[in-house]
Amino acid sequence: MALLMVDNLRTWFHTRDGVARAVDGVSFQVDPGEALGVVGESGCGKSVTFLSLLGLLPSPPARVESGTALFEGNDLLQASPAELRRVRGRRIGMVFQDPMTALNPYMTVGAQVAEPLIVHGGLGRADARAQALEALEAVGLNDAARRMDLHPHAFSGGMRQRVMIAMALVTRPPLLIADEPTTALDVTIQAQILDQLRELQAQAGMAIVLITHDLGVVASFCRRVLVMYAGRIVESAAVEDLFAAPLHPYTRALMASLPGTRPAGARLTPITGRPPDPRRLPPGCAFAPRCPLATPQCHQTAPELKEHTPTHAAACHLAGEGT
Ligand code: SF4
């Protein structure tokens, strides 16, 4: 049974300049213990999707227009703010790109990692501190017993990200949502943090949703991947299938634009044009203005996400036609 089942999520931003359809009819599931990648350019709706589920978008201007998001039998989109706080504190861990915005500069890191155990887990201070130390050691923070009494400004970017991961995992949640967790870090630290996450995932049997613009990170970390464009899922596949035979021209363009992920022999080519303004989406396929294969039908009718094999779906009129 799915751990998280999202159906037809629509999150729109009501601005003075019009309605921005940031997320526009997204459905997917996360299975227990799996690693799911969500990729796309910035502004494609990948972060907004998960911020909507967790009740972390400012409203107004954001409004969830439709959808359900069943997590452990409860619809997150119907939950009260207090229920969502509990879910975020205990059942769904979160790691963001910039740990400094999520860490409190006035509290020691040990106290911050221990806090969810005290607030949501009902533990006493000494027990919470002992578990916080364990969590900091588990994420590879060197000399954790001493460093837990320091404040975040005394830490490097990589160490702060480890602290964020420890905070997210200390309550042993069944689901971790990691939004560009390594983007701000240099390549060596990136690899170390991803290795650490992989190890923690295997040990705890936790599911991870990894939100990233980097298909290379998805290739090394995830089992399944969703590709998003202009607020919709345009391709959904097992990672091997996606890399062996991408069905959507946008996925192929993403691969060709990233070193290390393009098909053998293909040249490195940037994607031409820009994603559409979510307040003024074109009437047909949102990728049509940038798509080298666009036909008149593409400019008129938006393609539905269609299964081509049990593990591979794409939203493109030409998918599977040998293009
Ligand atoms: Fe390109 Fe048409 Fe497919 Fe859209 S539906 S990605 S425009 S071929």
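Bear in mind that the values here come from a model prediction, so they are computed numbers and not experimental data.

(A) The packing of aromatic side chains, seen in detail. Within this structure, the stated rule accounts for 4 aromatic pairs. On the numbers, 5.6 Å between centres and 50° between planes, the contact of Phe-28 with Phe-50 is tilted. Within this pair, whereas Phe-28 is found in strand 2 (residues 18-30), its partner Phe-50 is found in helix 1 (residues 46-53), the two being separated by 22 residues in sequence. Judged by relative accessible area, which is 7%, Phe-28 ranks as buried. By relative accessible area, which is 3% here, Phe-50 ends up buried. Where Tyr-250 meets Phe-287, the ring centres are 5.3 Å apart and the plane angle is 70°; that geometry is what we call edge-to-face. Taken together, the positions of Tyr-250 in helix 11 (residues 249-257) and Phe-287 in the loop between helix 11 and helix 12 (296-300) put the pair 37 residues apart, joining distant regions of the chain. Residues Tyr-250 and Phe-287 agree in their burial class; the two are buried.

(B) The arrangement of the nonpolar core in detail. Counting 60 residues, the largest nonpolar core has Val-113, Leu-136, Ile-165, Leu-176, Phe-221 and Tyr-250 as the members making the most contacts within it. Take this core: its biggest share by element is 7 residues, from helix 7 (residues 157-169). If near-sequence neighbours (up to four positions away) are discounted, Leu-176 is found in contact with Gly-93, Met-94, Val-95, Ala-168, Leu-169, Leu-197, Met-206, Ala-207, Ile-208 and Val-209.

(C) Seen up close, the pattern of salt bridges. In total, this model carries 14 salt bridges according to the counting rule given. For the salt bridge of Asp-24 with Arg-232, the shortest nitrogen-to-oxygen distance reads 3.5 Å. Of this pair, Asp-24 sits in strand 2 while Arg-232 sits in strand 10 (residues 232-238), and the two are 208 residues apart along the sequence. For the salt bridge of Arg-198 with Asp-195, the shortest nitrogen-to-oxygen distance reads 2.9 Å.

(D) Region of the structure containing the packing of helix 4 (residues 109-119) against helix 5 (residues 125-138). Close contact between helix 4 and helix 5 brings their axes to 8 Å; oriented N to C, the two are set at 120°. Here helix 4 lies oblique to helix 5, going by the angle between them. Both helix 4 and helix 5 take part in a crossing whose hand is right-handed. Contact with helix 4, carried on its side by Gly-110, Val-113, Ala-114, Leu-117 and Ile-118, involves Arg-125, Ala-128, Arg-129, Gln-131, Ala-132, Ala-135 and Leu-136 of helix 5 and no other residues of that element. Taken together, the residues that form the contact of helix 4 with helix 5 break down as 8 nonpolar, 2 polar and 2 charged.

(E) Quick look at helix 7. With 13 residues, helix 7 should cover 18 Å at 1.5 Å per step; its first-to-last C-alpha distance of 18 Å lies within 8% of that length. Along helix 7, 11 of the 13 residues are buried, which leaves the element largely enclosed by surrounding structure. Those residues of helix 7 lying buried are Gly-158, Met-159, Arg-160, Gln-161, Arg-162, Val-163, Met-164, Ile-165, Ala-166, Ala-168 and Leu-169.

(F) Main features of empty space enclosed by the protein. This structure, assessed with the given rule, holds 3 cavities of 30 Å³ or more. For the largest cavity, the calculated volume is near 80 Å³. If you trace the largest cavity, you find 14 residues lining it, with Pro-249, Cys-285, Cys-291, Cys-298 and Cys-316 closest to the centre. The computed volume of the second largest cavity comes to approximately 40 Å³. If you trace the second largest cavity, you find it lined by Ser-47, Phe-50, Leu-51, Leu-54, Phe-96, Ile-177, Asp-179 and Ile-211. Put simply, the parts of the chain that give the lining of the second largest cavity at least two residues each are helix 1 and strand 7 (175-179).

(G) The arrangement of helix 5 in detail. Taking 1.5 Å of rise per residue, the 14 residues of helix 5 would be expected to cover 20 Å, and the 20 Å separating its terminal C-alpha atoms lies within 8% of that figure. Listing the buried residues of helix 5 in full gives Ala-128, Ala-132, Ala-135 and Leu-136. The buried residues of helix 5 occupy one face: seen down the axis, they fall within an arc of 95°. With its phi angle positive at about 85°, Gly-140 sits one or two positions after the end of helix 5.

(H) Representation of the pairing of strand 6 (residues 92-95). Along strand 6, one buried face is formed by Ile-92 and Met-94 and the opposite face, lined by Gly-93 and Val-95, is buried too. Here strand 6 runs beside strand 7; their pairing, made up of 4 bridges, is parallel. Each bridged residue has a counterpart across the sheet, and for Ile-92 the counterpart in strand 7 is Leu-175.

(I) The arrangement of the sheet that holds strand 10 in detail. If you walk across this open sheet you meet the 8 strands as 6-7-8-3-9-10-12-11, and the pairing is mixed. Both outer strands of the open sheet, strand 6 and strand 11 (306-309), are each paired with one neighbouring strand and no more. Here the strands of the sheet are splayed against their neighbours by 20° on average, with no regard to which way each runs. Across 6 bridges, strand 9 (residues 224-229) lies against strand 10 in antiparallel orientation. When the bridges of strand 10 are listed, Leu-226 appears paired with Ser-236. Each of strand 6 and strand 7 is contacted by helix 7, which is oriented at about 170° to strand 6, the strand it contacts most.

(J) Quick peek at the sheet that holds strand 1 (residues 4-15). Ordered by their spatial adjacency, 4 strands build an open sheet running 2-1-4-5, and the pairing between neighbours is antiparallel. Where the open sheet ends on each side, the last strands, each with one partner, are strand 2 and strand 5 (74-75). Pairing of strand 1 with strand 2, which is carried by 10 bridges, proceeds in the antiparallel orientation. Bridge pairing in strand 2 links Thr-11 to Val-23.

About the criteria used
Residues numbered from 1 in each chain as written. Predicted model: local features only at pLDDT ≥ 70, side-chain atom pairs only at ≥ 80, totals over all residues. Heavy atoms only, no water. Phe/Tyr/Trp six-rings, centres within 6.5 Å; stacked < 30°, edge-to-face > 60°. Helix = DSSP H or I, 4+ residues; strand = E, 2+ residues; numbered from the N terminus. Buried < 20%, exposed > 50% of the residue type's maximum accessible area, 1.4 Å probe, protein only. Core = buried A, V, L, I, M, F, W, Y, C linked by side-chain atoms within 4.5 Å. Contact = heavy atoms within 4.5 Å. Salt bridge = Lys/Arg side-chain N within 4 Å of Asp/Glu carboxyl O. Axes fitted to C-alpha atoms, helices over the stretch in contact; angles between N-to-C directions. Parallel < 35°, antiparallel > 145°, perpendicular 65-115°, else oblique. Left-handed = near helix turned anticlockwise from the far one by under 90°. Nonpolar A, V, L, I, M, F, W, Y, C, P; charged D, E, K, R; others polar. Expected span 1.5 Å × (residues − 1). 1 Å grid on protein atoms, 1.4 Å probe; cavity = no way out; pocket = protein on both sides within 12 Å on 5 of 7 lines; lining within 4 Å. Points joined across faces, edges and corners; volume = space filled by probe spheres on them. Arc of directions from axis to C-beta. Pairing = 2+ DSSP bridges.

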